[in-house]
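# Tertiary structure, described
Each chain, written out:
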Amino acid sequence: MGETNQPSHTVITMSTDRNFRAQKSVCPFCGVGCGVEYSEKSGKGTGWEGPVNTKGEMCPKGAAAFDFVDHEDRLTRPMVREDGELVPASWEEAFERIEEDLGSIVEEHGADALGFFASSNATNEENYVYQKLARMLGTNNVDNCARLCHASTVAAMSERFGAGAMTNTLDDLTEADVYLVAGANPAEQHPVAFRSYFLPAIRDGGEMIHVDPRENSTTDAAGIHLPVKPGYDIPLFNAMAAAILEEGLEDEAFLEERVSNVDEFKAHIERIDVEENAKLAGVDPDELREAARTYAEADRAAIFTGMGMSQHHCGTDNVHSLLNLSLLTGNVGRRGTGVNPLRGQNNVQGAGDVGALPNILPGYEPVEDEAARERVAEVWGVEPPATPGLTEVELTHEFGDSVKGAFVFAENPAVTEPHSGRVEEELQSLDCLVVLDLFETETAKHADVLLPGSSWAEKSGTVTNTDRQAIRMRPNADLPGDARLDLEIISEIGARLTGRPEAFDYDGPEEVFDEITDVSPIYAGMSYDGIGESSQRWPFPEGADSGTEVLHREEFATGEKTAPLVPLEHVPPADELEEDELALTTGRVLQHFNSGALSRRSETLMRMRGEDVLQIHPDDAEPRGIEDGDLVRVENERGEVEVEAAVTPAVREGAVFLTFHYADPLTNTLTGDALDPVAKIPEYKHSGVSVEPVDG
Ligand SMILES: Nc1nc2c(c(=O)[nH]1)N[C@H]1C(S)=C(S)[C@@H](COP(=O)(O)OP(=O)(O)OC[C@H]3O[C@@H](n4cnc5c(=O)[nH]c(N)nc54)[C@H](O)[C@@H]3O)O[C@H]1N2
Ligand SMILES: Nc1nc2c(c(=O)[nH]1)N[C@H]1C(S)=C(S)[C@@H](COP(=O)(O)OP(=O)(O)OC[C@H]3O[C@@H](n4cnc5c(=O)[nH]c(N)nc54)[C@H](O)[C@@H]3O)O[C@H]1N2
Ligand code: SF4
Ligand SMILES: [Mo]
């Protein structure tokens, strides 16, 4: 299987000559989806002129994308746990152990006693075969870390617009006059999209409004910054809606034609006091009004939304509050407008598209839909189960109870799920944990079977980027040691566990992609060859010439002409702040990536940004006797971490900020169990903590 990879061989030590070569592939990091390939000259990643980075642009992570590929920590042979220790094993021994251990759990307790963690870091083909494996075994317990990411955005947008994805494309968004960026920091997290698409438009006269408790590199480009208190976005956006209605800036014609529930919404918003809500949200009322005017008066205004909105226990309602603004002002269904979630990893969009979610089949067809299940059954020979499975954090919480065994593919929940102390105990309580990764991660330390997979640089397949473009990856290196292709490993496990090898007998990713186009209506018109060295965008129905760029033009993807306005109330954060406590919010920096499994293994990136620091405002530091560079203890009832303080007015007073890129300090020790009731996304962006000097 695979285009130019060797079949797996028995070399145990890392090969020094991995036959690195340049072939057009896709950056393994963020959802922008830049074309990256190996450079003979530098031994680093270099950009090719891809569908998104059309001039070959890249950020520092793209250049460092090969650093971890031949890192000495790479797993090069399977390991199985014997007498408490992970010891080397042959592939046959590892597969037999999985067959026996996961197989006997299914026999004894049923397939719902297993949990399958799919991966936003892996290709469409790998995720598709992975969810097929779970569903053919008889469980919908399959999810990916889109759950921790934009699950709330997808829930709100699917409900009202009928599609949980960017309404527009990076290209047409350069035509926007105003960018409202809420809870996102694209200058650091989506650098090429920011620098090549938005920044030129802003320099050309576009205006940016940034809603973020911190000033960061994105704020530098913003004319208006609303430093909202973490967790107080609904009062803020309700107040913007109220200011728009007070000043008569709504788009009456659009409301008439394309929007429902207008009167009820107006009645709700009329009761809102702009000044009071601004105060509650911690922002200046005049600036809030100015932001409302700027957004509503623009000919084309586009919203970008990120983790600051989605990762709250009211994440779905947070996003609803943005959808209200776009509908109220007629900013949807046209170029340069819409509501645009900037997606996380290079394939978080695709992992959901191909069905690695517990409630939907490939193409976002609900598992409860009998016709959709029958369509899938025609291709698989087995009908998927009809009841939605458990979501990622729910699954972890069931470990040791109803869920006895788990398969974790290319995720590192021991670092990235909330309330790490609890996660660690839960991982430990499984009868069998199978991990497929590149490294012996913090999660892999709990594995009973640890499988050495293929990195981005060794595989072929497709990934779907933030603006819905499927792009192809091609191998730039041979596999290290005895490692195998992820697709081959998942297919082998599928064949063995389901006892239906014919359903997992693929001649490489192209054949899998063909099956995806058979099963998933939104990919139906695409083809592997058609993508070639370019891209294809969904929705791409059978028989169409190309995919759709701007969604919801004449009607919404729900099939309705109108979408409703939704009245919303403020939802207080789950952690009530006790006296002296500060609101901890968490997030990212340019040089690191998620659990750090990859970025912490790049010398270049580590040199650019070493240890983690706690951002704290001078007015919060001073009374606590904290000075810049002091070691501080950050603590709550769930645990504590020690970290250096960076005293800076960049973070608003009352809030502190940590990244979650390190196993030490393990930031998620402090985050809590609260989940959004609809999307089941954790509240990563608000935890009550005390902060004090370590020697104080
Ligand atoms: N360099 C880098 N790039 C990445 C990643 C990475 O780890 N490193 N990860 C990728 C992934 S998986 C994702 S999901 C994306 C995420 O990309 P972003 O959404 O940009 O990620 P975050 O930094 O988590 O959060 C964005 C901003 O939300 C702000 N914020 C915190 N709390 C609140 C709040 O209550 N309200 C509001 N309005 N804002 C708040 C934070 O201060 C932060 O600046 O990035 C992707 N790209
Ligand atoms: N406090 C806090 N926590 C958060 C967040 C936050 O903002 N704050 N953000 C959340 C979000 S948005 C996300 S997306 C999650 C991310 O959570 P995770 O997905 O758990 O984090 P990653 O570091 O991306 O994990 C990727 C793992 O896959 C492995 N890997 C990478 N590529 C491959 C491959 O091709 N094959 C194989 N076999 N393995 C591979 C890597 O070695 C690594 O162990 O974290 C969440 N956690
Ligand atoms: S912007 Fe994203 S996709 Fe592009 S090089 Fe940087 S991390 Fe990779
Ligand atoms: Mo994410």
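In what follows, the structure referred to is the one given above.
Residues numbered from 1 in each chain as written. Chains lettered and ligands numbered in written order. Predicted model: local features only at pLDDT ≥ 70, side-chain atom pairs only at ≥ 80, totals over all residues. Heavy atoms only, no water.

## As for the site of ligand 1
The immediate surroundings of ligand 1 are formed by 34 residues, with D212, D233, M307, R588 and H592 found nearest. Q189 has a polar backbone atom sitting 2.9 Å from a nitrogen atom of ligand 1. A distance of 2.9 Å is found between a nitrogen atom of ligand 1 and a side-chain nitrogen or oxygen belonging to T585. When ligand 1 sits alone it has 910 Å² of accessible area, and the protein chains cover 100% of it. Elements that contribute at least two residues to the shell around ligand 1 include exactly helix 6 (186–189), helix 13 (307–310) and strand 23 (582–587). Classifying every residue of the shell around ligand 1 gives eleven nonpolar, 16 polar and seven charged. Both domain 3 (151–341) and domain 4 (582–693) contribute no fewer than three residues apiece to the shell around ligand 1. (Near = heavy atom within 4 Å. Polar contact = N/O pair within 3.5 Å; in protein donor to acceptor, adjacent residues only side chain to side chain. Areas by Shrake-Rupley, 256 points an atom, 1.4 Å probe, with all protein chains shown as cover. Helix = DSSP H or I, 4+ residues; strand = E, 2+ residues; numbered from the N terminus. Nonpolar A, V, L, I, M, F, W, Y, C, P; charged D, E, K, R; others polar. Domains from an automatic or database assignment.)

## Describing the pairing of strand 5 (residues 85–88)
The pairing of strand 4 (residues 79–82) with strand 5 spans four bridges and is classified as antiparallel. Looking across to strand 5, one finds that M79 is bridged to P88. The antiparallel pairing of strand 4 with strand 5 creates a hairpin that spans two residues between the two strands, and D83 there sits at a positive phi of about 50°. (Pairing = 2+ DSSP bridges.)

## A closer look at the pattern of salt bridges
For the structure on display, the rule yields 42 salt bridges. Across the pair K24 and E533 runs a salt bridge whose closest N-O atoms are separated by 3.8 Å. Separated by 509 residues along the polypeptide, K24 in the segment before strand 1 (25–26) and E533 in the loop between helix 22 (528–531) and strand 21 (536–537) bring together distant segments of the chain. Its relative accessible area of 28% is what places K24 among the partly exposed residues. Among the ionic pairs, E492 bridges to R496, the shortest N-O distance being 2.6 Å. Placement of both E492 and R496 in helix 20 (residues 486–498) is noted, with a separation of four residues, approximately one turn of the helix. Assessed through its relative accessible area of 29%, E492 is described here as partly exposed. Counted as one network, the salt bridges with shared partners bring together E246, E247, E275, R289, E290 and R293. (Salt bridge = Lys/Arg side-chain N within 4 Å of Asp/Glu carboxyl O. Buried < 20%, exposed > 50% of the residue type's maximum accessible area, 1.4 Å probe, protein only.)

## Description of the site of ligand 2
Close to ligand 2 lie 33 residues; N412, D437, D486, S595 and N668 are nearest. Between ligand 2 and the protein, one listed contact pairs an oxygen atom with a backbone N or O atom of S454 at 3.1 Å. Note that an oxygen atom of ligand 2 is positioned 2.8 Å from one of the side-chain N or O atoms of K459. Here ligand 2 loses 98% of its free accessible area of 920 Å² to cover by the protein chains. Secondary structure elements with two or more residues in the shell around ligand 2: helix 18 (413–416) and strand 17 (432–437). Along the lines of polarity and charge, the residues of the shell around ligand 2 split into 15 nonpolar, twelve polar and six charged. Taken domain by domain, the shell around ligand 2 gets at least three of its residues from each of domain 2 (79–145 + 346–537) and domain 4 (582–693).

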